[in-house]
Amino acid sequence: MSDKISVTLPDGGVREYPVGTTSAQVARDLGPGLYRDALAAKVDGELVDLNAPLPSHSEVEILTFASEEGRRVYRHSTSHILAQAVKHLYPQAKFAIGPAIENGFYYDFEVPENFTPQDLEQIEKEMLKIIQADYPFLREEVGRKEALEYFARLGEQYKVELIEDLPPDTTVTLYRQGDFVDLCAGPHLPSTGKVKAIKLTSVAGAYWRGDERRKMLQRIYGTSFPRQKELDDYLSMLEEAAARDHRKLGRELDLFSIHDEGPGFPFFHAKGMILRNELESFWREVHTQWGYQEIKTPIILRQDLWERSGHWDHYQENMYFTEIDEENYAIKPMNCPGGILVYKNKPHSYRELPLRMAELGLVHRHELSGVLHGLMRVRSFTQDDAHIYMLPEQIKGEIIGVIELTDYLYRIFGFDYHIELSTKPEKAIGSDETWEMATQALREALEEKGLEYRVNEGDGAFYGPKIDFHLQDCLGRTWQCGTIQLDFQMPALFELEYTGADGEKHRPIMIHRTCLGSIERFIGILIEHYAGAFPSWLAPVQVEVLPITDRHLSYSRQLAEKLRAVGVRVEVDDRNEKVGYKIREAQMAKIPYMLIIGDRELKEGTVSVRGRSEGDMGAMSFSRFQERIRTEIAEKAFN
RNA sequence: GCCGACGUAGCUCAAUUGGCAGAGCAGCUGAUUUGUAAUCAGCAGGUUACCGGUUCGAGUCCGGUCGUCGGCUCCA
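A. Fine view of the protein's contact with RNA strand B. Of all residues adjacent to RNA strand B, which total 55 residues, the nearest are Cys184, Gly210, Asn576, Arg584 and Glu601. The share of sugar and phosphate among atoms of RNA strand B within 4 Å of the protein is 54%. A distance of 3.2 Å separates a base oxygen of RNA strand B from a polar atom in the backbone of Gly205. Contact between RNA strand B and Glu601: a base nitrogen at 2.5 Å from a side-chain N or O atom of the residue. Mapped onto the surface near RNA strand B, the elements with two or more residues apiece are helix H6 (157–164), strand E12 (197–207), strand E13 (216–225), helix H8 (246–252), helix H18 (579–588), helix H19 (599–604) and strand E32 (606–611). For the surface near RNA strand B, the per-class residue count stands at 25 nonpolar, 14 polar and 16 charged.

B. Inspection of the pattern of salt bridges at higher detail. Under the criterion given, the structure shown has 40 salt bridges. Two residues, Glu294 and Arg284, come together in a salt bridge whose shortest N-O distance is 2.7 Å. Of the two residues, Glu294 sits in strand E16 (residues 293–294) while Arg284 sits in helix H9 (residues 270–289), which places them ten residues apart along the sequence. Close ionic contact of Asp407 with Arg411 constitutes a salt bridge, the shortest N to O distance being 2.7 Å. Of the two residues, Asp407 and Arg411 both sit in helix H13 (residues 395–413), four residues apart, roughly one turn of that helix. The buried category is assigned to Asp407, whose relative accessible area is 17%. Counted as one network, the salt bridges with shared partners bring together Glu161, Asp165, Arg209 and Arg214.

C. A look at H6. For H6, a buried count of six out of eight residues is recorded, marking the element as mostly surrounded by other parts of the structure. Tyr158, Lys159, Val160, Glu161, Leu162 and Ile163 are the residues of H6 that are buried. Taken together, the buried residues of H6 touch strand E6 (94–95), strand E8 (104–110), helix H5 (144–153), strand E10 (172–177), strand E11 (180–183) and E13.

D. Representation of the confidence of the model for chain A within the structure. On average, residues of chain A score 92 in pLDDT, and 100% of them reach the 70 mark or higher. Two numbers describe this predicted complex: its pTM, 0.91, and its ipTM, 0.91.

E. Quick peek at the packing of H9 against helix H16 (residues 519–530). Interaxial distance between H9 and H16 falls to 11 Å at its minimum, and their mutual angle equals 110°. Relative to H16, the element H9 is oriented roughly perpendicular. Classified by chirality, the crossing of H16 by H9 is right-handed. Facing H9, whose interface residues are Leu275, Arg276, Leu279 and Glu280, H16 presents Ile519, Glu520, Phe522, Ile523 and Leu526. For the contact of H9 with H16, a count of residues per class yields six nonpolar, no polar and three charged.

Criteria and cut-off values
Residues numbered from 1 in each chain as written. Chains lettered and ligands numbered in written order. Predicted model: local features only at pLDDT ≥ 70, side-chain atom pairs only at ≥ 80, totals over all residues. Heavy atoms only, no water. Near = heavy atom within 4 Å. Polar contact = N/O pair within 3.5 Å; in protein donor to acceptor, adjacent residues only side chain to side chain. Helix = DSSP H or I, 4+ residues; strand = E, 2+ residues; numbered from the N terminus. Nonpolar A, V, L, I, M, F, W, Y, C, P; charged D, E, K, R; others polar. Salt bridge = Lys/Arg side-chain N within 4 Å of Asp/Glu carboxyl O. Buried < 20%, exposed > 50% of the residue type's maximum accessible area, 1.4 Å probe, protein only. Contact = heavy atoms within 4.5 Å. pLDDT = per-residue confidence, 0-100. Axes fitted to C-alpha atoms, helices over the stretch in contact; angles between N-to-C directions. Parallel < 35°, antiparallel > 145°, perpendicular 65-115°, else oblique. Left-handed = near helix turned anticlockwise from the far one by under 90°.

Take a look at the structure:
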């Protein structure tokens, strides 16, 4: 047996070390900077502690804060420091889980009294003491039985439950730092002193294992960084992001409002309607090009329709009901049953398929009061829905078509998105075979397009699996927008038919899909994405004309009239104010272009252009400006 | 829905231990005719979210209701 081990580094280089060498020693060998920054190591693809001895042949990557994995180890270790601090201050606390999350970490505790924001300050101070003490994180392996006994003795029922869920033959690992021991797979930082800058950001209730039937624990959120400056930068970045919040911009730009009189039911103002109408007319144009027809179905329909569709059994708690002439009706939470009645209104031939019926449909859903969020999560919204009725052999092509259409639309706005595939939920209708077939079809379409996606087990609609498109808001929270749902069930429940080439009746297959998702949510995303500075084609006011004095008013109005005549949305600021004041207001309203009109422009027949982002662009002929703005609008340029 | 925080003028925020509800911006009126991010002066603006309680006295303390914000998925 050799007394050397060999280590392959990420750059392909191979080095030899004595048996028993740790990743920390490898890092030191590679350079003092790396040794100082090293947090953990990835050995043959597995995350391990820096002080773990390396096997005889291995690929080793030293992880620092620069990598996502390194940051997770760093934050995860910080969560253990939080837990230790809580243990010191609240000895009776019970411990649940404390993972790293994007940009930070949390830890769930059961405590007799809920934490207050003041408590967080005390806990933070205690954490600093633990960091100061620089306790090493020590890994221990124990048998499952031993671990169970240990945590049972301490009354840590959550840890006991976690261990009970591990496979029977597992070796359980514990991590010890000073007087605190926690169940943990690791890895961890070498010692608590590696953590430099910490901040506990909030406290919230969270159900044990995310299950609302189980006990609600107290969750403390926090984050940590290797340098105070990075923490400060992160916190000020959050503050800046809040300035993009669509709820704030929606009020400031007079786009929409939400009132106590209708929680979750947004009001669109004149400027918001311009944005919305532009969006919808673009949507119509594109859908016509992509072979869709448009329909409109009623908002209120009889309850028996919803009993037949399965919504009564599977979606009732999200629905609103009403009564008309002593008959029971429901307010639609989805557009499909109404759309299906249109399909059933006359017989169909296979020659018509795929039949793509789109609808900007207003739906109402009873969402829990605690989840409402500006335009992002509301109780009434307009889906850019469509139902595609098709032959079995058209499935993949149609799914790919919707994926391409969605991608085309998102690109216009410059959005990044990610895709999720959701499979059969507990409350579902239809056989496992049709679900498997449908899920497989979605998977194949994604793979044929070479798209990356995440699988969400059990998160599908009750009638079929779905592909979801998720977009991000200003704080990085993601919202589902587009969705493609493949459905074998509704056609059966409603006995949909078409006549095939063989003259026999056959059952079509359905796709339910949205691209933008909900118009409301999409506008919320748009506002945050552009920080309210919409590209000219969407901007409620595209040009503001600013006459310097009264004697420039008439020329200003003429220019505005000319622009209006070619479809440009223009306003004249005819108030008796200094030009600096008018510029400031137009700038704050994020209007793409300002035209400053004074004696010089009057005399020379020009306009002085000020761009929202460019600043003073100097004088140009009016016709040149007009051409420029028209082109920009027509091309939907980003500006 | 649950946990926590919060709710004062259209907006942003003040108001000592419970002691006369204020400011800036926006609005209105007047003056000013102005050249690239705020001209000056005056006026008006409130059932302190709502309901109830404690108190000589409540924006402030207590209870309830409504609403807003953050969280309740990312699995030792």
